[in-house]
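Coordinate inspection notes
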Amino acid sequence: MNDLHNGMVLTGRVTNTALFGAFVDIGVGRSGLIPNRFITPDKLPVDQRRRSLALGPGERVEVRVMNVDLQRNRITLDLIR
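This report concerns the structure included in the present document. (Residues numbered from 1 in each chain as written. Predicted model: local features only at pLDDT ≥ 70, side-chain atom pairs only at ≥ 80, totals over all residues. Heavy atoms only, no water.)

Grouped together as the largest cluster of nonpolar side chains are 17 residues, with contacts concentrated most on Ile-26, Ile-34, Leu-55 and Leu-77. Aside from chain neighbours lying at most four places away, what touches Ile-34 is Phe-20, Gly-21, Ala-22, Val-24, Ile-39, Leu-55, Val-63, Leu-77 and Leu-79. (Core = buried A, V, L, I, M, F, W, Y, C linked by side-chain atoms within 4.5 Å. Buried < 20%, exposed > 50% of the residue type's maximum accessible area, 1.4 Å probe, protein only. Contact = heavy atoms within 4.5 Å.)

As structure tokens, this is what we get:
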């Protein structure tokens, strides 16, 4: 987690979804969160734009690191696709 910095682009896999966003395993021992505000229709494939739950477990995603909070052990991500 110490190697992460804002703006870094990574590929990961969705591990879980919740009402407030999607958790993504990016290979640093801690899952990052893509908040719902960053999961916009223009970032999703055409066939997924109408689904109520845009991302599901097991999907591969490309993300950008928005914030790393070492004290709270949290990683905030933005969906690139």
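This brings us to unusual backbone geometry. Positive phi is not limited to glycine here, since Asn-73 has a value of about 60°. Examined against the element boundaries, Asn-73 turns out to sit in the loop between strand 4 (60–69) and strand 5 (74–79). Look at Asn-73 and you get partly exposed, because its relative accessible area is 35%. (Helix = DSSP H or I, 4+ residues; strand = E, 2+ residues; numbered from the N terminus.)

Once that is clear, we can look at the packing of aromatic side chains. Under the definition given, this model contains one aromatic pair. For the ring pair Phe-20 and Phe-23, a centre distance of 5.9 Å and an interplane angle of 90° mean the geometry is edge-to-face. (Phe/Tyr/Trp six-rings, centres within 6.5 Å; stacked < 30°, edge-to-face > 60°.)

We now examine the pattern of salt bridges. Taken as a whole, this structure holds one salt bridge when the rule is applied. With its nearest N and O atoms 4.0 Å apart, the salt bridge here joins Asp-78 to Arg-64. Placement of Asp-78 in strand 5 and of Arg-64 in strand 4 is noted, with a sequence separation of 14 residues between them. Overall, the relative accessible area of 10% leaves Asp-78 in the buried class. (Salt bridge = Lys/Arg side-chain N within 4 Å of Asp/Glu carboxyl O.)

Take the pairing of strand 1 (residues 9–18) next. Relative to strand 4, strand 1 is paired through five bridges, and the arrangement is antiparallel. Across the sheet, the residue bridging to Gly-12 is Val-61, located in strand 4. Pairing of strand 1 with strand 2 (residues 21–25), which is carried by five bridges, proceeds in the antiparallel orientation. Looking at strand 2, one finds that Arg-13 is bridged to Asp-25. Between strand 1 and strand 2, which pair antiparallel in sequence order, lie two residues. (Pairing = 2+ DSSP bridges.)

What follows is about the environment of Asn-6. Considering the arrangement of structural elements, one finds Asn-6 in the segment before strand 1. By relative accessible area, Asn-6 is classed as exposed at 51%.

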